[in-house]
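Descriptive analysis of the structure
One letter stands for each residue in the lines below.
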Amino acid sequence: MFRSIKILRQHGIQYVPNLRTAELTSLFRGRPVLSGEVSAELATNLAKMCPSGAIQQAPFSIDMGKCIFCRECEFAAPDNIRFTNDYHIATNNRDNLIIKENHDNPIVLNPDLVRKEIRTLFRRSLKLRQVSAGGDASNEMELNAAGNVNFDMGRYGIEFVASPRHADGVVITGPITENMAEALQICFDATPKPSLVILCGTDAISGGLFQESNALNRNFLSRHPIDLYVPGNPVHPLTFINGVLDLIGRE
Amino acid sequence: MPMQDFSYIELSPGAAPIGLKTIPVLNYPDFAEQIAGLMKAETVHCVLYYAFPFNNGLKFIAILAVDATGKFLVFSHETTAGVTDLESITPQIPALHLFEREIHENFGIGFQHHPWLKPVRFSADRYQKDLTMNDYPFYRIDSEELHEVGVGPIHAGVIEPGHFRFICNGEKVLHLEIQLGYQHRGIEKLFLNAGSTLRRAVLSENIAGDTTVGHAVTHAQLIESLAGITINENLQKERAIALELERIAVHIGDTAALCTDVAYQFGQVVNEALRTTIINTSQLWCGNRFGKGLIRPGGTNYPLTVPVIESMLKTLDNTGMRYRDITDNIFTAPSILIRFDGIGTVTRSQALSIGAVGMAARMAGIPRDIRATHPSGYYAGIKYEPEIQDTGDVLARALIRNLEARKSIEMVKEWAAQLSPVTRHPSPIGSGVSAVGSKPSSFAMAVNEGWRGEIAHAAVTGPDGELVHYKIKDPSFHNWIALALAVRNQEISDFPICNKSFNLSYCGHDL
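Everything quoted here is computed from the prediction, not taken from an experiment.

**Examining the overall build of chain B**
- Counting secondary structure elements, chain B contains 16 helices and 13 strands.
- In terms of its C-alpha atoms, chain B occupies a principal-axis envelope of roughly 65 × 60 × 45 Å.
- Within chain B, the fraction of its 511 residues that count as buried is 65%.
- Of all intrachain contacts in chain B linking residues separated by at least 6 positions in sequence, the fraction that spans at least 24 positions is 66%.
- Accessible surface, chain B: about 17400 Å² in total, of which carbon and sulfur atoms supply 53%.
- Measuring between centres, the 44 positive side-chain charges of chain B sit 5 Å from its 54 negative side-chain charges.

In structure tokens form, the structure reads like this:
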């Protein structure tokens, strides 16, 4: 009894009060900024070095939909590339994930691209079914953390549910393996419509490190519109929660 | 058969690569007899047994670990083109069942008298491409009395996919079969075609997200061995700290998960918050909560700095104290103990026969811990005493987590404290990952005790020094069958707690 009271006292208040403005450590690898003039030679070398093919040499850019946030390009070209700790990097416009030179603006969601029914139906309650399709379980752990005592996204009525029948959409993690392709389709088909598709993590958005694998089957993505792209390796809980809040039109 | 009649090459942990030619090649009957003979001793277990295309045929490599000597024994067998059938060793040594199934799946070798050569993961480059996930041959019992329960591949929670097929008599589980492969990304092949040291390093961090550091360190050691790079003691110590932090975080997280499954919300919430403090320490160190980006062959981009060490020591002090308190609560509460005690038991002889490793061995009284038997890196200089339980049930697995987390917290505190005043960083560690050359026509391996158990990577290089084969083993590969054994004759409602108590990796198995 006394021990329990002691534990409770030490536990204290765990929740992050403001999920919109919480600050992460300066080392956190979020939105990159490209500055200065990058020579053609450097750009070629960086593009060649990038382990997931996220860097394009001309015009010089980093695609956060392919970037695994290893930061190696920044170590190689510290004068030109800097990963900021800005975790507000989810968007519904795939092109917005491509960071161009001398572009240091926040990543935003395009409200015109959001389907109308999403904000009327899901603004106050959003139940999601997560489907892991070849992920390494780190995104899954971060999505679980999004609902834990620290991040507590349940405060906005957002939570993960067990059955697709109860879900307003699917959250896909992993590059989508051939062996999981059918199960993913069956799960999505079982959700009541309209149903969201959220790609969570770089693997899901582009295949990431696994783009060239012959064990993938990403045809699902050409059959269904994508409502939200959430980059990360893994996605930080704050990135996910803020992206979803933007999508459903919450402050 | 006395030891001297065996034909193998003996390797120490962390040994330099050996010429591929120096690995003895045995004819198959001798090869099979040697594996079976050596593995009769319960202190010898199979780390890896695999095959890869070689000179128009296949080369089979067996790596056994001998606990008494702390050595690895490596020997091989070669087939010529057209060999399709070999006598299975599994009837004598059941621990090889999955290794033989993997060779069968990849190359079509028919192991005669193997109990059942089922697919392992429906690998993209499997021998029989016409078979798909839906063709998995489940064990069936035809009976009017029994029923089957299928669960997955998508599970109720936010976890990885796998299919569980139970055959039940009422509420009681007679048999559980676990079908995996849904997570298969062809990662071993990507290692071969990676084209750069950096790409392989980041791939190794993405084999299994909860074992990022474990696999990345193992990979880094292997690459360093092939390239002839030695790393300084500071970096070795930092890697050991990272490995132990990973263990602490997962053990505390699993303590929370075990509380969840017995409806002890207090324990769940407190432990989740404690796990957060540990993974946020990793984030403070390298910017990633799982340690991605931290481990690189030959160096690191994130040497431990004094502020990080100070924060780490403070966190471990506080978290260690709070973890002691909450686990004292958990392990003295009758309402919890009754849900752990005697549930999901795997006996010592079962664990030995399936070749269980890591926690799944130590919970059943088998002292298998690479940190103690085959230590490399920083562990080679310390004397680690493994935590052993002998009841083989959920309680034993929960207690091992508790004891190991406590022990690792103390170890990291000790190591980190030694680092801070003496060796101010940045130390001459180097940032690593520049392209490294590899010794040609060689074989190299690295083994580490991750939080789940032993992680093994093995590589073979060709005449030009390029990788021609890369093999990865996550401890889950050995241990999934332990879960199937644990739930036999249990209520099906105890499955979740049994599953959590092992917390095996799907992606680590599926690769």
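**A short note on empty space enclosed by the protein**
- Tallying each qualifying case throughout the model produces seven cavities of 30 Å³ or more.
- Size it by volume and the largest cavity reaches roughly 190 Å³.
- Forming the walls of the largest cavity are 24 residues, and the residues nearest its centre are A:F28, A:R29, A:N233, A:P234 and B:N288.
- Grouping the constituent residues of the lining of the largest cavity by class yields ten nonpolar, eight polar and six charged.
- Taken together, the residues of the lining of the second largest cavity sort by class into eleven nonpolar, one polar and two charged.

**Some thoughts on the side chain of B:E102**
Residue and element names in this part refer to chain B.
- Checked against the element boundaries, E102 lands in helix α2 (residues 97–107).
- Reaching out from E102, the side chain makes a polar contact with the side chain of K471 at a distance of 2.9 Å.
- Not counting residues within four places of it along the chain, the set of residues in contact with E102 comprises V120, R121, K471 and F477.

**Some thoughts on the packing of aromatic side chains**
Residues and elements named next belong to chain B.
- All told, the structure shown has 22 aromatic pairs over all chains when counted by the stated rule.
- Measuring from ring centre to ring centre gives 4.4 Å for F191 and Y470, while their planes differ by 0 degrees; the resulting arrangement is stacked. With a gap of 279 residues between them, F191 in helix α3 (residues 187–192) and Y470 in strand β13 (residues 467–473) connect regions that are remote in the sequence.
- One cation-aromatic arrangement involves R371 over Y384; the distance from NZ or CZ to the ring centre is 3.9 Å.
- For K407, the ring lying beneath its charged end belongs to Y384, and the centroid distance is 4.9 Å.

Conventions and cut-offs
- Residues numbered from 1 in each chain as written.
- Chains lettered and ligands numbered in written order.
- Predicted model: local features only at pLDDT ≥ 70, side-chain atom pairs only at ≥ 80, totals over all residues.
- Heavy atoms only, no water.
- Helix = DSSP H or I, 4+ residues; strand = E, 2+ residues; numbered from the N terminus.
- Buried < 20%, exposed > 50% of the residue type's maximum accessible area, 1.4 Å probe, protein only.
- Contact = heavy atoms within 4.5 Å.
- Areas by Shrake-Rupley, 256 points an atom, 1.4 Å probe, with all protein chains shown as cover.
- Lys, Arg positive; Asp, Glu negative; His and termini not counted.
- Charge placed at Lys NZ, Arg CZ, Asp CG, Glu CD.
- 1 Å grid on protein atoms, 1.4 Å probe; cavity = no way out; pocket = protein on both sides within 12 Å on 5 of 7 lines; lining within 4 Å.
- Points joined across faces, edges and corners; volume = space filled by probe spheres on them.
- Nonpolar A, V, L, I, M, F, W, Y, C, P; charged D, E, K, R; others polar.
- Polar contact = N/O pair within 3.5 Å; in protein donor to acceptor, adjacent residues only side chain to side chain.
- Phe/Tyr/Trp six-rings, centres within 6.5 Å; stacked < 30°, edge-to-face > 60°.
- Lys NZ or Arg CZ within 6 Å of the ring centre and 35° of its normal.

Such coordinate-based values are descriptive only and should not be taken to indicate function.
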